[in-house]
Amino acid sequence: NAGVTQTPKFRVLKTGQSMTLLCAQDMNHEYMYWYRQDPGMGLRLIHYSVGEGTTAKGEVPDGYNVSRLKKQNFLLGLESAAPSQTSVYFCASTAGGRVGGYTFGSGTRLTVV
Amino acid sequence: AQKITQTQPGMFVQEKEAVTLDCTYDTSDPSYGLFWYKQPSSGEMIFLIYQGSYDQQNATEGRYSLNFQKARKSANLVISASQLGDSAMYFCAMREFGGGADGLTFGKGTHLIIQP
């Protein structure tokens, strides 16, 4: 099925460890986004990309890095995980334009202990 | 100031009744879009409905309609004839098209519980 695929779905990290979350979409969308969802906070934008090779900061970028080497993939990296990064992470993509809908992945639940 | 405000943290509604979920927004950009998403307990984000700032008519999608009052900066979601499967978190979101950071800005959500 076409859509946005996030891997892994669950992960437990120790403080200071690093990891990379992968987002892959097969809809040829230009725009891709990483959000985090915390209880009572809604979704907040971490980083986004408006095309292959581009990235930009969102509302809460500190502690994260991203890369978009291929159009279909958007990677979110945590270089040194902290307990404050315990969250559910969502990737989304859209073709762009004024009526373009956003397709979300199923989320990654990350716990940092 | 928050860009998206959802003032109802939780709501209980009887099955088959209509539901209105409130959303107000704040932007100086004349070109923007408003979205509603449903998040059931399984966690996925499900797109429900979209309204553009220049759209003349209120958006409708099946049992969902968006009561768009531009002057009041209000974009309430109306669910007609609620069903048990409508129990979920509902998020209002906005995208501003005039430049600056891209992406959706979300409200904090409303937890809707439909009672039999």
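Residues numbered from 1 in each chain as written. Chains lettered and ligands numbered in written order. Predicted model: local features only at pLDDT ≥ 70, side-chain atom pairs only at ≥ 80, totals over all residues. Heavy atoms only, no water.

Undergrad: Can you explain the interface of chain B and chain A? Please cite residues and give values.
TA: Chain B puts 18 residues into the contact, and the matching count from chain A is 20 residues. Interface of chain B and chain A: buried area, both sides summed, is about 1,600 Å²; carbon and sulfur atoms make up 55% of it. At the junction of chain B and chain A, the tally comes to zero salt bridges. On the surface where chain B and chain A come into contact, there are four residue pairs in polar contact (both at pLDDT 80 or more). Only β5 (32-39) and β10 (88-96) of chain B provide two or more residues apiece to the side of chain B that touches chain A. For the side of chain B that touches chain A, the leading source of residues is β5 of chain B, giving three residues. Its residues placed into classes, the side of chain B that touches chain A shows nine nonpolar, six polar and three charged. (Contact = heavy atoms within 4.5 Å. Buried area = accessible area lost by both parts, 1.4 Å probe. Salt bridge = Lys/Arg side-chain N within 4 Å of Asp/Glu carboxyl O. Polar contact = N/O pair within 3.5 Å; in protein donor to acceptor, adjacent residues only side chain to side chain. Helix = DSSP H or I, 4+ residues; strand = E, 2+ residues; numbered from the N terminus. Nonpolar A, V, L, I, M, F, W, Y, C, P; charged D, E, K, R; others polar.)

Undergrad: Tell me about the state of the cysteines, and name the residues and values.
TA: Considering all chains together, one arrives at two disulfides over all chains under this definition. Linked covalently through their sulfurs, Cys23 of chain A and Cys91 of chain A form a disulfide whose S-S length is 1.8 Å. Judged by the sign of its S-S torsion, about -75°, the bond between Cys23 of chain A and Cys91 of chain A is left-handed. You can see Cys23 of chain A sitting in strand β3 (residues 19-25) and its partner Cys91 of chain A sitting in strand β9 (residues 87-94), a full 68 residues away along the chain. In this structure, Cys23 of chain A and Cys91 of chain A share a single accessibility class: buried. There is a disulfide in this structure between Cys23 of chain B and Cys92 of chain B, and the S-S distance comes to 2.0 Å. Note on the Cys23 of chain B and Cys92 of chain B pair: the S-S dihedral is about -65°, so by sign convention the disulfide is left-handed. With Cys23 of chain B in the loop between β3 (19-21) and β4 (24-25) and Cys92 of chain B in strand β10, this pair connects stretches of sequence that are 69 residues apart. Taken as a pair, Cys23 of chain B and Cys92 of chain B share a single burial class, namely buried. (Disulfide = S-S within 2.5 Å. Buried < 20%, exposed > 50% of the residue type's maximum accessible area, 1.4 Å probe, protein only.)

Undergrad: Describe the confidence of the model for chain A, and please don't skip the residues or the numbers.
TA: Mean pLDDT over chain A works out to 93, with 95% of the residues at or above the 70 mark. Mean pLDDT in chain A bottoms out at strand β10 (residues 103-104) of chain A, which sits at 94, and peaks at strand β8 (residues 73-78) of chain A, which reaches 98. (pLDDT = per-residue confidence, 0-100.)

Undergrad: Can you tell me about the sheet that holds β3 of chain A, naming the residues and giving the values?
TA: Residue and element names in this part refer to chain A. One open sheet holds the four strands; their spatial order is β1-β3-β8-β7, and the pairing between them is antiparallel. Sheet topology places β1 (4-7) and β7 (65-67) at the edges, where each strand pairs with a single neighbour. Ignoring which end each strand starts from, the neighbouring axes of this sheet average 20° apart. In terms of strand pairing, β3 meets β8 through six bridges, oriented antiparallel. (Pairing = 2+ DSSP bridges. Axes fitted to C-alpha atoms, helices over the stretch in contact; angles between N-to-C directions.)

Undergrad: An account of the environment of Arg36 of chain A is requested, with residue identities and associated values reported.
TA: Residue and element names in this part refer to chain A. With respect to the helices, strands and loops of the structure, Arg36 is situated in strand β4 (residues 31-38). As for Arg36 and Thr108, which are separated by 72 residues in sequence, their C-alpha atoms are 9.3 Å apart. Discounting chain neighbours no more than four positions away, the residues touching Arg36 are Gly42, Leu43, Arg44, Ile46, Val60, Tyr64, Ser84, Gln85, Thr86, Ser87, Val88 and Tyr89.

Undergrad: Give a description of the pattern of salt bridges that names residues and reports values.
TA: Residue and element names in this part refer to chain A. Summed over the entire model, instances satisfying the criterion amount to six salt bridges over all chains. A salt bridge links Glu30 to Lys71, with the shortest nitrogen-to-oxygen separation between them at 2.8 Å. In this pair, Glu30 sits in the loop between β3 and β4 while Lys71 sits in the loop between β7 and β8, placing the two residues 41 residues apart along the sequence. Residue Glu30 is classed as partly exposed on the basis of its relative accessible area of 31%. Salt-bridge contacts for Arg44 lead to Asp38; the nearest nitrogen and oxygen are separated by 2.8 Å.

Undergrad: Account for the pairing of strand β11 (residues 108-112) of chain A, with residues named and values stated.
TA: Residues and elements named next belong to chain A. Covered by surrounding structure in β11 are Thr108, Leu110 and Val112 only, the residues Arg109 and Thr111 on the alternate face being uncovered. Bridge count between β9 and β11: three bridges; the pairing is antiparallel. When the bridges of β11 are listed, Val88 appears paired with Arg109.

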